[in-house]
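# Remarks on the overall topology
Residues per chain, in single letters:
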Amino acid sequence: MKFPADCVYTKEHEWVRVHEDVATVGITEHAQKELGDVVFVELPKSGETFDTKETFANVESVKAVSEVFCPVAGKILEVNNALSDSPQLVNEDCYGDGWFVKLKMSDAAELKDLLNHEEYAEFVAEESAE
Amino acid sequence: MSSPTVGLRKTALHTLHKKMGARMAEFGGWEMPIEYSGIIQEHCAVRTAAGLFDISHMGEILIEGAGCLRLIQHVTCNDASRLKDEQIQYSALLTPEGTFVDDILVHRFGVDRYFLCVNASNAQKDFDWICQHNSFDAKVIHASHQYSQLALQGPKAQGILQPLVNVDLKAMKYYWLKHGNLGDVDCLITRTGYTGEDGFELYFDPGSSERVWNLLMDAGSGDGLIPAGLGARNTLRLEAKMALYGHEISDQITPWEADLAWVVKLEKGNFLGKEALVKQHEAGIQKRLIGFEMVGKGIGRDGYPVLINGQEAGVVTSGGPSPSLKKNIGLAYVPVSHSNPGQEIEVQVRTQAIPARIVTTPFYTRPKPA
């Protein structure tokens, strides 16, 4: 399973890749595997703001709807419109073309609360062992 | 994220499913395979080649003796007297209010021997119900533990199964059965299914389960046969507009409401629920089961409200993506006054009312053989 080193992660299986004060957010390989085939992604609109841990998107598999939680508070700058016609990008390339949103962080210090790729890999291993 | 599985029943193939990497989950009190390679892939395999389902959780009830047909006629709404030896019919057990105890398949083995296949979640309830109403001196046997059950479904099913069995499958019509051998295993072979494709359901001693599964997979993998789980079983039956107990039918719904009038044969004589059905037929029904497809972006799922002219008017009973039609579809109860194909409706998906439209069903019909 992949755990890109240029991302930080939440325990709810979101990833964040930061460039200056813009954070790109998506869901991890573990999350997309658990979901199975992704058939629909409900994204917010540009300009909307979200608090840390607030639901900002919903990702749907054949059988279920899963909430996606905002890893760091901020304002949505851009959403991945490609997911509208091609939700399967979340399964195929979750760290690349399957990105959900880009947001402008309110407080970059919040990133320190997230897991690095090694910590997240450990977390996934522990969760899977339960 | 993992759910407790202590206390769930397991089929004879449970170890095999886990070895194959199936995602397991609870259904009807059993731990069952939901998917192996992926629901969409399994669904499409059934529509184009074949899929193999472990449905051993289903219930089986044998009814024998001189009074058996009279008992069956009393507790079901279809006319079992029409059945010839080795013929099968879809039927239902009804309450005195004319609502569903369960939907079932009635198989006639012989003049004094019938076999019912019933839903896993209702197996004990159905057995108790039939026994409770057995004033006909028939012998009612709960036989579920005597059978493992597999479903082999898809256009390639007959070709895959034929070399393994001593029965001429080409001569077997849909909704007929034969007792035979699959390899060296005694097997009840029925041409039935819950997918809308051609296919067979196979009943045999649980001790032979891995053997039969492996024989079928070895025979069929060259033709594209793959294991398929309950996830695909649900998307397939939804496209074929087949009811699921607890969703389209329940003890709150009558066959008239559920668009299953064809299963009711009032002229066969008295049966449990007949009076209530006659009354409701005369009075008219208020709500009706319809099929819809989503028009706006979103998926109308089980339990979501249906709006008509902006007002909540009904509810989705089953809904989700249709892998074959590449649309989002569903079944719902709506007022009879607004139940015709073409009717614009909305489905409340979380905070938004998403446009949808009533369509004719079934959503998918298998192509007629050339």
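Residues numbered from 1 in each chain as written. Chains lettered and ligands numbered in written order. Predicted model: local features only at pLDDT ≥ 70, side-chain atom pairs only at ≥ 80, totals over all residues.

### Considerations on the overall build of chain A
- Secondary structure assignment for chain A yields four helices and nine strands.
- In terms of C-alpha radius of gyration, chain A reaches 14 Å, essentially the compact-globule figure of 14 Å for 130 residues.
- Expressed along its principal axes, the backbone C-alpha trace of chain A runs to roughly 35 × 35 × 20 Å.
- Intrachain contacts of chain A at a sequence separation of at least 6 include 64% that bridge at least 24 residues. (Helix = DSSP H or I, 4+ residues; strand = E, 2+ residues; numbered from the N terminus. Rg over C-alpha atoms; globule rule 2.2 N^0.38 Å. Contact = placed C-beta atoms within 7 Å.)

### Details of the overall build of chain B
- Within chain B one finds eight helices and 19 strands.
- A globule of 370 residues ought to have a C-alpha radius of gyration of about 21 Å, and chain B, at 21 Å, matches this closely.
- Once the C-alpha set of chain B is aligned to its principal axes, its extents read approximately 60 × 50 × 50 Å.
- Residues counted as buried form 46% of the 370 residues belonging to chain B.
- Look at the contacts in chain B between residues 6 or more apart in sequence, and 66% of them connect residues 24 or more apart. (Buried ≥ 20, exposed ≤ 12 C-beta atoms within 10 Å, placed from the backbone.)

### Describing the sheet that holds strand β11 (residues 185-190) of chain B
All names here are of chain B.
- In space, the six strands of this open sheet follow the order β10-β11-β12-β9-β3-β13, with mixed pairing throughout. In this open sheet, the two strands that pair with only one neighbour each are β10 (177-182) and β13 (225-227). The sheet shows a mean angle of 25° between the axes of neighbouring strands, direction not considered.
- Pairing of strand β3 (residues 50-54) with strand β9 (residues 148-153), which is carried by four bridges, proceeds in the antiparallel orientation. Looking at the pairing, phenylalanine 53 lines up with alanine 151 of β9.
- Strand contacts of helix α6 (residues 209-220): β3, β9, β10, β11, β12 (199-204) and β13, with the helix running at about 10° to β9, the strand carrying the most contacts. (Pairing = 2+ DSSP bridges. Axes fitted to C-alpha atoms, helices over the stretch in contact; angles between N-to-C directions.)

### A look at the interface of chain B and chain A
- Taken residue by residue, the interface counts twelve residues in chain B and ten residues in chain A.
- Among the elements of the structure, α2 (39-48), α7 (230-239) and β16 (311-322) of chain B are those that each provide at least two residues to the side of chain B that touches chain A.
- Across the side of chain B that touches chain A, the residue classes tally to five nonpolar, five polar and two charged. (Nonpolar A, V, L, I, M, F, W, Y, C, P; charged D, E, K, R; others polar.)

### A closer look at the domain arrangement of chain B
- Partitioning chain B into domains gives domain 1 (14-56 + 147-239), domain 2 (59-145) and domain 3 (286-359).
- Centre-to-centre, using C-alpha coordinates, domain 2 of chain B lies 34 Å away from domain 3 of chain B. (Domains from an automatic or database assignment.)

### So, the confidence of the model for chain B
- Of the residues in chain B, 98% reach a pLDDT of 70 or more, and the chain-wide mean stands at 97.
- Overall fold confidence for the complex sits at a pTM of 0.95, while the interface term, ipTM, reaches 0.92. (pLDDT = per-residue confidence, 0-100.)

### Remarks on the packing of α2 of chain B against α7 of chain B
All names here are of chain B.
- One can describe the packing of α2 onto α7 by two numbers: an axis separation of 8 Å at closest approach and a directional angle of 55°. With respect to α7, the axis of α2 lies oblique. In the packing of α2 onto α7, the handedness of the crossing is right-handed. Here Ile39, Glu42, His43 and Val46 of α2 come into contact with α7, specifically with Gly231, Ala232, Thr235 and Leu236.
- Taken together, the residues that form the contact of α2 with α7 break down as four nonpolar, three polar and one charged. (Parallel < 35°, antiparallel > 145°, perpendicular 65-115°, else oblique. Left-handed = near helix turned anticlockwise from the far one by under 90°.)

### So, the environment of proline 369 of chain B
- Within the secondary structure layout, proline 369 of chain B lies in the segment after β19 (352-359).
- Separated by 214 residues in sequence, proline 369 of chain B and proline 155 of chain B place their C-alpha atoms 9.4 Å apart.

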